[in-house]
Amino acid sequence: MLKSVFQDTHVQSLMIQERSCVYNILINLMESRQQELKGLGSDFVFGFVQSMDGERDPRNLLLAFQIARKIVVGGYDMGKFTEELFEVTSCYFPIDFTPPPNDPHGITQEDLIVSLRAVLTGTPLFAEFLMPLIIEKLDSDVQSAKVDSLQTLAACGPVYGHKELSQFLSGLWSSLRREVFQTSSERVEAAALSALSSLTTCLSRSITTSDSDHALDTLLQLVLKDCQHHLLEPDMKLVWPSAKILQTVAAASYRAHLSMATAVIPLLVEQYITRTQSAQRRTLLEVLQGFTQPSETSRPAEGEECVLLQFQASLCAVVFSALTETGAGLQISATRILSTLGQQTGLLTPADVVLAVDHLTTLILQEDDPQVSAAVMECCGSLAPRHPAAFTSRMLPKLKECIFTERMVQGDGVAPAVWGSQNAVRQRCVTALARVACEPSLVRESSPVLLELLTTAHTGCGSFSVDEVISVCHGLQRIAEHAPHMEAEIGQFFHDVIIPRLLGLAVQAAVQDEGSCGRSFLTEEAVLAVVVPVFSSSCSRLNADCAVSTASRVVSLFLHGDVSFLPHDLQHTTIPLLKTPSLQVSQLVCLLTACVCSLPRSVEIPEIDRLLEELEEVSCTHTHSFTHTSAAKCYAGLINKRPSGPALDAALERSVKRISAELDNSASCLQTQALTLLLWVTKGLLLRYHPLSSALTDKLFSLLSDRSLGPLVADGFALLMSDSPDVLNRGCHADVRIMYRQRFFSENSAKLVQGFHSAPPEEKAGYLKALSHIMNNLPRQVQLTELPALLPLFLEALSCPDVCVQLSTLSCLQPVLLDPPTALTNQMEALIPRLLTLTTSPAMKVRIAALRCIHSLSRLPDHMMLPFRARVLRALAVPLDDKKRLVRKEAVLARGEWFLLGSPGR
């Protein structure tokens with residue numbers, strides 16, 4: 001068979017399909033008769049070379065590269081035909097292939113590149129031919145050829161050894177150095193650095209003899225010779241390319257890191273000491289940071305000491321010196337190096353840790369620059385888990401003292417700037433308390449300080465602001481979210497201390513009379529909104545016993561007013577929170593939602609039937625939007641988790657009957673409340689695939705034609721399809737089935753389209769808005785699949801005067817336009833004029849979204865967009881003069897791409 005194929009048949013004179021048959025025959029034989037083929041020796045390789053020589057069809061090339069790959073990695077004897085096999089495959093390198101438009105085979109340039117690269121890098125026997133070829137191709141002016149060559153060189157690292165590479169090191173280094181020093185493309189530079197890293201790793205891995213040791217040293221000496229002296233000129237342009245090369249080599253292996261660090265770190269430290277300009281010192285610090293960060297490949301193995309240990313004293317001296325400087329850049333770089341040193345064993349002595357914590361504390365209390373503050377917080381978060389005792393004894397007392405230092409009021413003659421500065425200091429202290437609380441002992445120390453601050457703010461003492469109270473709540477939330485990474489005792493701590501005290505403060509604030517200190521911050525909606533995630537995060541992470549206890553306590557509090565577990569003395573012994581007419585008390589239902597709806601589904605909620613009745617009453621009758629919405633969320637959250645059965649059916653029947661009665665009564669003043677409950681119940685049932693969700697969805701469709709409720713219902717579809725941050729999400733253990741959005745769309749899209757076509761003109765906007773909300777929340781692949789059928793409605797939506805419809809539709813279209821389906825590309829004549837019209841919309845967000853869509857269109861094939869080029873450029877001249885900077889920015893980006901449309905090399 002092989003004789004007939006190789007000797008009696010001239011493969012390249014056959015048609016494409018016949019050549020494909022030949023390659024598939026060879027592939028099948030290699031899979032089923034490998035030993036027999038290997039027994040032919042190099043004759044099989046020679047026959048394949050003759051068969052492949054001259055192949056140009058990309059489909060067949062993929063097959064031929066597959067055969068060649070099997071030969072080079074499968075142990076076939078190439079013998080004297082090694083060079084011929086290399087030549088017959090490398091003649092395609094680098095791949096230059098552009099698939100034709102609408103190619104049914106789907107072969108891309110990347111497919112060919114990867115297949116050919118697997119052949120060329122598959123055996124060290126190709127090294128003597130491939131290395132000169134790569135060096136030659138790196139002289140090309142074509143960027144894609146450079147990148148392909150560099151990526152191929154990087155792929156050689158895991159396969160080749162020092163013997164194959166040593167004679168080419170000088171030439172390879174010259175080419176790689178040029179691509180980093182003189183490149184105008186970040187992509188080429190990144191590829192060159194990756195290739196250099198692979199080369200260094202290869203030589204380091206191959207060290208077994210003096211020859212291999214010599215090869216690595218040769219490369220390291222070449223790198224140091226050409227790059228080290230540039231570090232002496234921190235204000236010159238070559239300092240950063242040199243630093244990148246040195247850092248890349250150092251990160252490639254432990255041995256390379258040791259050599260680079262020994263040569264470079266003393267030089268950088270000396271330069272830092274002798275230089276006086278802040279910009280130069282900052283550059284030196286940033287370069288130094290790259291050498292202190294170990295990579296996975298350069299970490300010391302067992303029995304090896306850290307490379308940086310010999311420079312520990314000088315590095316710490318430089319870092320602590322920079323932390324005391326006034327330049328923000330120096331302080332930021334110093335904190336980053338400090339974080340890196342703190343993560344490595346032995347680089348910070350106990351005295352260094354104390355000094356570091358003191359410096360960080362000083363920066364928190366004195367430094368106003370937001371970038372410095374962010375860097376300091378990051379550093380605190382990285383060091384605190386490794387050195388909790390130092391933070392507990394040195395930092396936390398000073399932060400607490402600063403927070404509770406009595407602030408002088410403005411009437412005492414303190415300037416507003418000082419007042420604002422003190423506000424900012426407290427905010428930083430609060431943030432720092434939350435960031436360092438990443439270890440049990442620190443949580444137990446910092447959390448009570450935050451709770452004490454809330455207590456002080458609640459009583460009206462200390463002149464705390466709403467922003468500070470909100471910041472404290474964010475801090476407690478952060479601590480709760482990190483609790484799963486700590487010991488189980490933290491959950492118990494939140495159950496015993498945090499939840500009761502915070503809930504007690506909120507209840508006390510709601511029921512207290514107006515006092516001399518005025519209204520408590522804890523009754524503000526803005527504050528309650530950030531208290532909710534504190535409870536949600538902590539309750540969702542409680543263990544089984546604590547979760548059951550929390551459910552019992554909270555339900556008893558809201559149904560019966562049982563305050564026995566709260567630590568504060570309240571004015572009344574029984575306060576049934578769900579039945580109290582007071583607005584401040586009733587809005588605490590949001591805390592009930594946060595607690596009971598975040599518990600695991602296995603936790604049985606006590607008195608759930610009565611609780612649902614009370615929640616239904618609040619959600620259907622309360623006039624305060626925040627309160628009745630929170631009650632509706634709680635009702636939906638409990639319904640979502642409740643097991644199926646007669647009890648659930650009875651509760652749903654009762655609530656649906658009440659909702660329908662209110663919605664069908666046009667004279668009712670409680671329709672908004674009923675609609676809110678309907679939306680949340682529908683969402684809760686939709687997530688768990690409950691059969692009743694279909695009937696409730698149909699009810700919503702019928703309300704789209706209601707003149708008063710229609711716009712609210714259309715917006716409600718966004719609620720149904722989007723993720724809720726505080727309830728009915730997987731983080732709160734809700735029953736969320738996979739692909740519920742796709743199922744909802746498949747069941748209801750036809751109803752929406754039918755309703756749109758049958759609705760009078762004044763009601764069509766509601767259907768368009770509902771459709772755009774649904775489509776906007778679907779996965780992109782589903783959008784691409786469903787868009788052709790709904791395209792007429794989308795084009796209609798772009799012409800709809802409703803701003804929300806326009807914005808939602810544009811948000812849905814933009815990602816689709818990056819790779820549009822054929823149905824959309826055929827509608828460009830209708831789509832582009834509508835988009836251009838929206839670039840002058842009165843709404844700024846619509847103008848920006850329309851410009852982004854037009855920008856996306858410029859990435860489509862030139863032959864499709866060139867007919868519209870002149871029209872688009874004329875239209876985009878208008879938003880270039882828009883009064884809003886953000887609109888002008890998008891217009892410049894879009895017009896620049898359209899201006900270059902059709903240019904050579906674009």
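Rules behind the numbers
- Residues numbered from 1 in each chain as written.
- Predicted model: local features only at pLDDT ≥ 70, side-chain atom pairs only at ≥ 80, totals over all residues.
- Heavy atoms only, no water.
- Helix = DSSP H or I, 4+ residues; strand = E, 2+ residues; numbered from the N terminus.
- Buried < 20%, exposed > 50% of the residue type's maximum accessible area, 1.4 Å probe, protein only.
- Contact = heavy atoms within 4.5 Å.
- Areas by Shrake-Rupley, 256 points an atom, 1.4 Å probe, with all protein chains shown as cover.
- Lys, Arg positive; Asp, Glu negative; His and termini not counted.
- Charge placed at Lys NZ, Arg CZ, Asp CG, Glu CD.
- Axes fitted to C-alpha atoms, helices over the stretch in contact; angles between N-to-C directions.
- Parallel < 35°, antiparallel > 145°, perpendicular 65-115°, else oblique.
- Left-handed = near helix turned anticlockwise from the far one by under 90°.
- Patch = residues over 30% accessible without salt bridge, like charges linked within 9 Å, V, L, I, M, F, W, Y side chains within 5 Å.
- Salt bridge = Lys/Arg side-chain N within 4 Å of Asp/Glu carboxyl O.
- Disulfide = S-S within 2.5 Å.
- pLDDT = per-residue confidence, 0-100.
- Expected span 1.5 Å × (residues − 1).
- Polar contact = N/O pair within 3.5 Å; in protein donor to acceptor, adjacent residues only side chain to side chain.
- Phe/Tyr/Trp six-rings, centres within 6.5 Å; stacked < 30°, edge-to-face > 60°.
- Lys NZ or Arg CZ within 6 Å of the ring centre and 35° of its normal.

Student: I'm lost on the overall build of the protein chain in this one. Help?
Tutor: A tally of helices and strands in the protein chain yields 45 helices and zero strands. Each principal axis of the C-alpha atoms in the protein chain carries an extent, and together these give about 100 × 75 × 60 Å. Out of the 906 residues belonging to the protein chain, those deemed buried represent 54%. Sequence-distant contacts, at least 24 apart, represent 73% of the contacts inside the protein chain between residues at least 6 apart. Of the roughly 39100 Å² of accessible surface on the protein chain, a fraction of 53% belongs to carbon and sulfur atoms. Charged side chains of the protein chain number 76 positive and 93 negative; the gap between the two group centres comes to 4 Å.

Student: Help me understand the packing of helix H39 (residues 803-817) against helix H42 (residues 844-857) in this model?
Tutor: Angle between the axes and distance between the axes: these two values describe a pair of packed helices. It is the contact of H39 with H42, at a shortest axis distance of 9 Å, that shows an interaxial angle of 20°. Between H39 and H42, the angle is such that the two are roughly parallel. Where H39 crosses over H42, the handedness of that crossing is left-handed. Contact with H39, carried on its side by Val 803, Gln 806, Leu 807, Leu 810, Leu 813, Gln 814 and Leu 817, involves Lys 845, Val 846, Ala 849, Ala 850, Arg 852, Cys 853, Ser 856 and Leu 857 of H42 and no other residues of that element.

Student: Explain the packing of helix H14 (residues 239-250) against helix H16 (residues 278-292) to me, please; I cannot follow it from the model alone.
Tutor: Interaxial distance between H14 and H16 falls to 9 Å at its minimum, and their mutual angle equals 15°. Judged by the inter-axis angle, H14 sits roughly parallel to H16. Once H14 is placed against H16, the crossing between them reads as right-handed. Counting all contacts with H14, which are made through Val 239, Trp 240, Ala 243, Leu 246, Gln 247 and Ala 250, the residues of H16 involved are Thr 283, Glu 286, Val 287, Gly 290 and Phe 291.

Student: So what exactly am I meant to see when it comes to a negative patch on the surface here?
Tutor: Together, Glu 83, Glu 84, Glu 87 and Glu 128 make up a region of like negative charge exposed at the surface. Of all the elements, helix H6 (residues 82-90) adds the most residues to the negative patch, at three residues. Looking at where Glu 128 falls in the secondary structure, it is placed in helix H8 (residues 127-137).

Student: What should I look at first to understand the state of the cysteines in this one?
Tutor: As used here, a disulfide is simply a covalent bond connecting the sulfur atoms of two cysteines. With the rule as written, the count across this model stands at zero disulfides. Left without a disulfide partner, Cys 429 is nearest to the cysteine sulfur of Cys 402, which lies 3.7 Å away. A relative accessible area of 0% places Cys 429 in the buried class. The thiol sulfur of Cys 590 is not disulfide-bonded, and the nearest other cysteine sulfur, from Cys 595, lies at 9.6 Å.

Student: Teacher, can you tell me more about the confidence of the model for the protein chain here?
Tutor: Reading predicted coordinates in detail is not appropriate for stretches of low pLDDT. Averaged over all residues, the pLDDT of the protein chain equals 86, while 94% of them reach at least 70. Every residue in residues 407-420 is under pLDDT 50, and counting partners more than four places away or in other chains gives 17 contacts.

Student: Which parts of the structure should I look at to understand helix H5 (residues 58-73)?
Tutor: Structural remark: α-helix, 3.6 residues per turn; residues separated by three or four positions point the same way. With 16 residues, H5 extends 22 Å from end C-alpha to end C-alpha; this agrees with the ideal 22 Å at 1.5 Å per step. Listed in full, the buried residues belonging to H5 are Pro 58, Asn 60, Leu 61, Leu 63, Ala 64, Phe 65, Ile 67, Ala 68, Ile 71 and Val 72. Residues of H5 that are buried make contact with helix H2 (16-32), helix H4 (42-52), H6 and helix H7 (109-120). Backbone nitrogen of Arg 59 and a side-chain oxygen of the N-cap are separated by 3.1 Å at the start of H5; the cap is Asp 57. Where H5 terminates, the next one or two residues include Gly 75, which has phi positive at roughly 80°.

Student: What is the right way to read the side chain of Ser 382 from this model?
Tutor: Residue placement: Ser 382 occurs in helix H20 (residues 370-383). Engagement of the side chain of Ser 382 in a polar contact is seen with the side chain of Ser 339, the distance being 3.2 Å. Contacts of Ser 382, omitting those with residues within four sequence positions, involve Ser 339 and Gln 343.

Student: Can you help me understand the pattern of salt bridges in this one?
Tutor: Close approach of charged atoms allows side chains of opposite charge to pair. Across all of its chains, the model carries 32 salt bridges by this definition. Its salt-bridge partner being Arg 19, residue Glu 55 comes within 2.8 Å of it at the nearest N-O pair. With Glu 55 in the loop between H4 and H5 and Arg 19 in helix H2, this pair connects stretches of sequence that are 36 residues apart. The class of Arg 19 is buried, set by a relative accessible area of 9%.

Student: Just checking my understanding: could you explain the environment of Leu 559 for this structure?
Tutor: Its location among the elements puts Leu 559 in helix H27 (residues 544-560). On the basis of relative accessibility, which here comes to 4%, the residue Leu 559 falls in the buried class. For the pair Leu 559 and Arg 282, spaced 277 residues apart in the sequence, the C-alpha separation amounts to 62 Å. Leu 559 has contacts with Pro 576, Leu 578, Glu 607, Arg 610, Leu 611 and Glu 614, leaving out every residue within four places of it along the chain.

Student: Help me out: how do you make sense of the environment of Leu 813 in this one?
Tutor: Inspection of the secondary structure puts Leu 813 in helix H39. Between the C-alpha atom of Leu 813 and that of Gln 783, which follows or precedes it by 30 residues, the distance is 9.0 Å. When near neighbours in sequence (up to four residues on either side) are disregarded, Leu 813 contacts Phe 794, Leu 798, Leu 831 and Cys 853.

Student: Explain helix H24 (residues 466-481) to me, please; I cannot follow it from the model alone.
Tutor: Its 16 residues place the ends of H24 23 Å apart at the C-alpha level, agreeing with the 22 Å of an ideal helix rising 1.5 Å per residue. Every buried residue belonging to H24 is among Glu 468, Val 469, Ile 470, Ser 471, Val 472, Cys 473, Gly 475, Leu 476, Gln 477, Ile 479 and Ala 480, and all of these are buried.

Student: Can you walk me through unusual backbone geometry in this structure?
Tutor: Excluding glycine, residues mostly have negative phi values, and the peptide bonds linking residues are mostly trans. With an omega of -10°, the peptide bond running from Phe 93 to Pro 94 counts as cis. Tracing the chain through its elements places Pro 94 in the loop between H6 and H7. One non-glycine residue, Glu 607, lies in positive phi territory at about 50°. Looking at the element boundaries, Glu 607 is found in the loop between helix H29 (589-596) and helix H30 (608-621). You can call Glu 607 partly exposed: its relative accessible area is 38%. In this structure, Met 739 takes a positive phi of about 60° despite not being glycine. Within the secondary structure, Met 739 sits in the loop between helix H35 (710-721) and helix H36 (740-758).

Student: What am I meant to see in the packing of aromatic side chains here?
Tutor: Given two aromatic rings, their pairing is described by the distance between the two centres and the angle made by the two planes. Counted according to the given criterion, the structure contains nine aromatic pairs. Consider the rings of Phe 86 and Phe 129, whose centres lie 5.5 Å apart with planes at 35°: the pair is tilted. With Phe 86 in helix H6 and Phe 129 in helix H8, this residue pair connects regions lying 43 residues apart in the sequence. You'll find Phe 86 and Phe 129 in the same group, each marked buried. One residue, Lys 764, lies across the ring of Phe 756, its end atom 4.3 Å from the ring centre.

Student: Sorry if this is basic, but what is going on with the side chain of Asp 352 here?
Tutor: Here Asp 352 lies in helix H19 (residues 350-366). For Asp 352, the residues in contact, after removing those within four places along its chain, are Gln 312, Cys 316, Phe 320 and Leu 347.

Student: Please explain the environment of Tyr 272 as it appears in this structure.
Tutor: Residue placement: Tyr 272 occurs in helix H15 (residues 254-274). Along the sequence, Tyr 272 and Leu 285 sit 13 residues apart, while their C-alpha atoms lie 7.6 Å from each other. In this structure Tyr 272 touches Arg 281, Leu 284, Leu 285, Val 318, Ser 321, Ala 322, Glu 325 and Leu 330, once residues within four positions along its chain are discounted.

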